[in-house]
Amino acid sequence: MYAIHADQATSMSEFKKNPSAALKRAGHKPVAVLNHNKPAFYVIEPDLYEALLEEVADRELYQKVIQ
């Protein structure tokens, strides 16, 4: 059993048909794209990706400050 870390999931074949529809259905949340019922990858919007990168950078900076 594989954990799916998204509220929305779609099959690889459905995603290939219309990627933007999968994102639209998810309503700005991550989408897990499944291949043989296993997560192959996750799709997120650019704003969320940027926020994740900022969070990682903030955590790295915090660790440097602590040290």
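Up top is the structure.
From a predicted model like this one, the values you see are computed outputs, not experimental measurements. (Residues numbered from 1 in each chain as written. Predicted model: local features only at pLDDT ≥ 70, side-chain atom pairs only at ≥ 80, totals over all residues. Heavy atoms only, no water.)

Description of the overall build of the protein
A tally of regular secondary structure across the protein gives 3 helices and 3 strands. Beginning at the N terminus, the succession of helices and strands in the protein can be written as β-α-α-β-β-α. Relative to a compact globule of 67 residues, whose C-alpha radius of gyration would be 11 Å, the protein shows 15 Å and is clearly more extended. Viewed in the frame of its principal axes, the protein has a C-alpha envelope of about 45 × 30 × 15 Å. When burial is assessed residue by residue, the protein has 16% of its 67 residues classed as buried. Looking at the protein alone, contacts between residues at least 24 apart form 34% of all its contacts between residues at least 6 apart. Total accessible area on the protein stands at roughly 5,600 Å², and carbon and sulfur atoms take up 55% of it. (Helix = DSSP H or I, 4+ residues; strand = E, 2+ residues; numbered from the N terminus. Rg over C-alpha atoms; globule rule 2.2 N^0.38 Å. Buried < 20%, exposed > 50% of the residue type's maximum accessible area, 1.4 Å probe, protein only. Contact = heavy atoms within 4.5 Å. Areas by Shrake-Rupley, 256 points an atom, 1.4 Å probe, with all protein chains shown as cover.)

Focus on the pattern of salt bridges
Side-chain pairs of opposite charge can arise whenever the charged atoms involved come near each other. Overall, the coordinates contain 3 salt bridges when judged by the stated rule. The shortest N-O distance in the salt bridge between E14 and K17 comes to 3.3 Å. Placement of both E14 and K17 in helix 1 (residues 12-17) is noted, with a separation of 3 residues, approximately one turn of the helix. The exposure class of E14 is partly exposed, given its relative accessible area of 41%. For the salt bridge of E55 with R59, the shortest nitrogen-to-oxygen distance reads 2.8 Å. On the criterion of helical spacing, the pair formed by E55 and R59 is a turn pair, its members being 4 residues apart in helix 3 (residues 46-66). Here E55 falls in the partly exposed class, since its relative accessible area comes to 39%. (Salt bridge = Lys/Arg side-chain N within 4 Å of Asp/Glu carboxyl O.)

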